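# Observations on chain architecture
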Amino acid sequence: MNKKMQELEQKIHYTFQSKSLLEQALTHSSYANEKKLGKLGCNERLEFLGDAVLEVVSSEFLYHKFPSVPEGELTKKRASLVCEPSLAFCAREFGLQEYLLLGKGEDMTGGRQRDSIVSDATEALLGAIYLDGGFASAKEFVLNFILNDIEHKQLFYDSKTILQEIVQEGSNQSSVEYTLLKEEGPDHNKSFTVSASIGGVQMGVGTGHTKKAAEQAAAYETIRKMKSAGGICI
């Protein structure tokens, strides 16, 4: 475990003074139950703390980055950037799911691929960094791994909304329709493929572990194609 934790520390560019904090941040409740560590042995308390730290850091970041945007829009931006799928996406970029301590049953049924588990662990890791190294270290982690490349991330996770707004602003009054093309894999690790069509014309295809994720991917691909064709400017 020590070697794996060192590997993760190198990936996130932070070395823990207290290795026990890092280990707890990686410990899912299923593992804690299996090893009889008790209710306080998992990462849920650290997740609670990390969630609060993330809200403060992301709020300050957006406040300064968008000085002319009103509170309501800032709230929407924050929600899209720190939502469950977004946090899971960010965590997978540095492979956090590979270091999680899961119970055997949870692991065998695809727990490492579950957005809820990975996103909760991301917040727990942030909480652990905050306790171990203070606010500055926690803020650096958020800026480097969660709030980086926010234009791309916000476009991806708001793609369905953005595409609908683009279509509604058009003069042809067409609507966006999503069609399930394919469903594959076992129940615990499904893969869905969905197409996005405008006015009956297929524009983009996307794949995801849920239908909603596949629809977002299809919408994103549609926007990308429209932008490449010079039809829109984002």
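Here, every reference points to the structure presented above.
A few points on the structure. (Residues numbered from 1 in each chain as written. Predicted model: local features only at pLDDT ≥ 70, side-chain atom pairs only at ≥ 80, totals over all residues. Heavy atoms only, no water.)

### Considering the overall build of the protein
- When its secondary structure is counted, the protein shows 12 helices and three strands.
- Seen through its C-alpha atoms, the protein measures out along the principal axes to roughly 60 × 45 × 25 Å.
- Nonlocal contacts in the protein, meaning residues at least 24 apart in sequence, comprise 53% of its contacts between residues at least 6 apart.
- Counting only carbon and sulfur atoms, one obtains 51% of the accessible surface of the protein, whose full area is about 12,600 Å².
- Each charge class in the protein was averaged separately, 26 positive and 32 negative side chains, and the resulting centres sit 4 Å apart. (Helix = DSSP H or I, 4+ residues; strand = E, 2+ residues; numbered from the N terminus. Contact = heavy atoms within 4.5 Å. Areas by Shrake-Rupley, 256 points an atom, 1.4 Å probe, with all protein chains shown as cover. Lys, Arg positive; Asp, Glu negative; His and termini not counted. Charge placed at Lys NZ, Arg CZ, Asp CG, Glu CD.)

### Comments concerning the sheet that holds strand β2 (residues 191–198)
- One open sheet holds the three strands; their spatial order is β1-β2-β3, and the pairing between them is antiparallel. Sheet topology places β1 (176–184) and β3 (201–208) at the edges, where each strand pairs with a single neighbour. Put simply, the sheet's adjacent strands are angled 20° from each other on average, direction ignored.
- With eight bridges connecting them, β1 and β2 associate as antiparallel partners. Its bridge partner lying in β2, glutamate 183 is registered against phenylalanine 192.
- Sheet strands in contact with helix α11 (residues 159–169) are β1 and β2, and its direction is about 145° off that of β1.
- With respect to the sheet, helix α12 (residues 211–228) is in contact with β1, β2 and β3, its orientation differing from that of β3 by roughly 135°. (Pairing = 2+ DSSP bridges. Axes fitted to C-alpha atoms, helices over the stretch in contact; angles between N-to-C directions.)

### Here's the deal with unusual backbone geometry
- You will see that histidine 13, though not glycine, has its phi angle at about 60°, which is positive.
- Within the secondary structure, histidine 13 sits in the loop between α1 (2–12) and α2 (19–25).
- On the basis of relative accessible area, histidine 13 is assigned to the exposed category, the value being 63%.
- Of note, lysine 36 is a non-glycine position whose phi angle comes to about 55°, a positive value.
- Its place among the elements puts lysine 36 in the loop between α3 (29–34) and α4 (44–65). (Buried < 20%, exposed > 50% of the residue type's maximum accessible area, 1.4 Å probe, protein only.)

### Thoughts on the nonpolar core
- Ile12, Phe16, Phe94, Leu96, Leu125 and Phe141 are the most contacted members of the largest nonpolar core, which totals 41 residues.
- Sorting the residues of this core by element identifies α1, α2, α4, α5 (71–81), α6 (84–93), α8 (115–133) and α9 (135–145) as the ones contributing at least two each.
- Aside from chain neighbours lying at most four places away, what touches leucine 96 is Leu8, Leu26, Ala91, Val118, Ala121, Thr122 and Leu125.
- Counting eight residues, the second largest nonpolar core, distinct from the first, contains Ile166, Val176, Ile198 and Met226. (Core = buried A, V, L, I, M, F, W, Y, C linked by side-chain atoms within 4.5 Å.)

### Some thoughts on the side chain of arginine 112
- Mapping arginine 112 onto the fold places it in the loop between α7 (104–108) and α8.
- Polar side-chain contacts of arginine 112 include one of 2.7 Å to the backbone oxygen of glutamine 97.
- Within the structure, the side chain of arginine 112 is placed 2.9 Å from the side chain of aspartate 107, a separation counted as a polar contact.
- Look past the residues within four positions of arginine 112 in its chain and what remains in contact with it is Gln97, Glu98, Tyr99, Leu100, Leu102, Asp107 and Val118. (Polar contact = N/O pair within 3.5 Å; in protein donor to acceptor, adjacent residues only side chain to side chain.)

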